[in-house]
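These are the residues of each chain, in order.
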Amino acid sequence: MKIFLATKNKDKITEFQEILYKMNVELVTCHDIDIPDVEETGSTFVENAILKARSASNFTSLPSIADDSGIEVDYLNGRPGVWSARYAGEDATNEENNNKLLEELDGVPDIKRGACYRCVIVFMRFSNDPFPFIAQDSWRGRINDKHQGTNGFGYDPIFFLPDRNITSAELRPSDKHEISHRGKALLKFSNYFTNYVKKS
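If you're wondering where the values come from, they're calculated on a predicted model, not measured in any experiment.

What counts and what doesn't
- One numbering rule holds for all chains: residues counted from 1, following each sequence as written.
- Reporting of local features is limited, given that this is a predicted model, to residues whose pLDDT is at least 70; pairs of side-chain atoms are given and counted only at 80 or more, and all residues count toward the totals for whole chains, interfaces and linings.
- The side-chain figures draw on all heavy atoms in the structure; neither hydrogens nor water molecules are used.
- A run of DSSP states H or I qualifies as a helix once it reaches four residues; a run of E qualifies as a strand once it reaches two. Both are numbered from the N-terminal end.
- Between the two quantities, the radius of gyration covers C-alpha atoms and the globule rule is 2.2 Å times the number of residues to the power 0.38.
- What sets the accessible areas is the Shrake-Rupley method with a 1.4 Å probe; for residues, cover comes only from the shown protein chains.
- Only strands joined by at least two bridges in the DSSP assignment are considered to pair.
- A crossover gets the label right-handed when its path from the first strand over the helix to the second runs clockwise, viewed with the strands pointing away from the viewer.
- Stacked, edge-to-face and tilted labels apply to pairs of Phe, Tyr and Trp rings (six-membered ring for Trp) whose centres lie within 6.5 Å, assigned for plane angles under 30 degrees, over 60, and everything in between, in that order.
- Here's how the labels work: a residue is buried when its accessible area is under 20% of the maximum for its type, exposed when over 50%, partly exposed in between, all with a 1.4 Å probe on protein chains only.
- For a ring to carry a charge above it, either NZ of a lysine or CZ of an arginine must fall within 6 Å of the ring centroid while also lying within 35 degrees of the normal to the ring plane.

Participant: When you look at the overall build of the chain in this model, what are you seeing that I'm missing?
Facilitator: Across its full length, the chain holds five helices and seven strands. Counting from the amino terminus, helix and strand elements in the chain follow one another as β-α-β-α-β-α-β-β-β-β-α-α. For the chain, the C-alpha radius of gyration of 17 Å lies close to 16 Å, the compact-globule estimate for 200 residues. Dimensions of the chain, computed from C-alpha atoms along their principal axes, come out at roughly 55 × 30 × 25 Å. Roughly 10,400 Å² of accessible area belongs to the chain as shown, and the carbon and sulfur atoms make up 48% of that amount.

Participant: Is there a simple way to think about the sheet that holds strand E4 (residues 114-124) in this case?
Facilitator: Across a sheet, paired strands are connected by hydrogen bonds in the backbone, their directions being either parallel or antiparallel. Read across the sheet, seven strands follow the order E2-E1-E3-E4-E5-E6-E7 without closing on themselves; strand pairing throughout is mixed. Pairing within the sheet leaves two strands with one partner each, and these edge strands are strand E2 (26-28) and strand E7 (166-167). One ladder, built from two bridges, connects strand E5 (residues 133-143) with strand E6 (residues 159-161); its direction is antiparallel. Looking across to E6, one finds that Ile143 is bridged to Phe159.

Participant: I tried to follow the pairing of strand E1 (residues 2-5) on my own but got confused; where do I start?
Facilitator: When a strand is regular, its side chains alternate between the sheet's two faces. For E1 and E2, the ladder comprises three bridges, and the chain directions are parallel. From the neighbouring strand, Ile3 faces E2, where its bridge partner is Leu27. Between the parallel elements E1 and E2, the chain passes through helix H1 (residues 10-19) in a crossover that is right-handed. Of the strand pairs in this sheet, E1 and strand E3 (residues 64-73) are connected by two bridges, and their pairing is parallel. Each residue of the ladder has a partner; that of Phe4, found in E3, is Ser64.

Participant: Explain the packing of aromatic side chains to me, please; I cannot follow it from the model alone.
Facilitator: Note on aromatic pairs: each is described by the distance of the centres and the angle between the planes. Taken as a whole and assessed by the stated rule, the structure comprises twelve aromatic pairs. Between the aromatic rings of Tyr117 and Phe159, the centroid separation amounts to 4.6 Å while the plane-to-plane angle is 50°, which identifies the pairing as tilted. Taken together, the residues Tyr117 in strand E4 and Phe159 in strand E6 connect sequence positions 42 residues apart. As far as burial versus exposure is concerned, Tyr117 and Phe159 are alike and both buried. Every member of this aromatic cluster is reached through a ring pair, and the members are Phe123, Phe133, Phe189, Tyr192, Phe193 and Tyr196. The side chain of Lys100 reaches across the aromatic face of Tyr87, ending 4.4 Å from its centre.

Laid out in structure tokens, this is it:
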């Protein structure tokens with residue numbers, strides 16, 4: 001089965017491919033079909049993931065899977081949240097977003113720097129699917145006071161894991177996939193999809 005992956009983020013495409021490689025499915029991406037950008041007007045990760053999946057399925061006539069994810073910081077009452085990818089501006093780089101967050105937390109003690117990565121996965125069988133599959137998961141850590149590590153993307157260089165004493169960007173990709181918000185959400189999708197195919 002072909003499924004369209006509704007993202008143009010090359011790092012997310014890589015993670016999806018690495019995590020779902022065992023599934024008997026062909027992931028079609030924006031490298032195969034160029035899809036229009038979708039304005040993420042939702043106030044929640046769920047709303048934005050649905051917007052992206054529905055638009056992609058409508059444009060490609062394929063089942064689609066979309067992700068909306070980001071980081072919530074306790075001290076900032078959940079910010080950046082749904083604005084994580086554009087926290088420092090509409091076309092901000094990962095480094096610019098990280099730097100803005102570090103500036104906002106300058107001087108804040110570790111105990112108040114708790115943070116949570118969130119991920120929502122939406123699978124739509126067709127564009128007007130009235131009952132899309134939705135999986136979500138999270139990953140707790142805290143915001144480090146500096147950049148550490150070169151792996152991963154997004155806020156990984158400043159997302160510190162106290163139990164491992166490293167940042168997410170210092171994890172090997174395979175280790176990250178086992179414990180990350182996206183890895184856990186995609187495992188739920190994989191289990192659902194296996195049963196879905198069996199019943200089809």
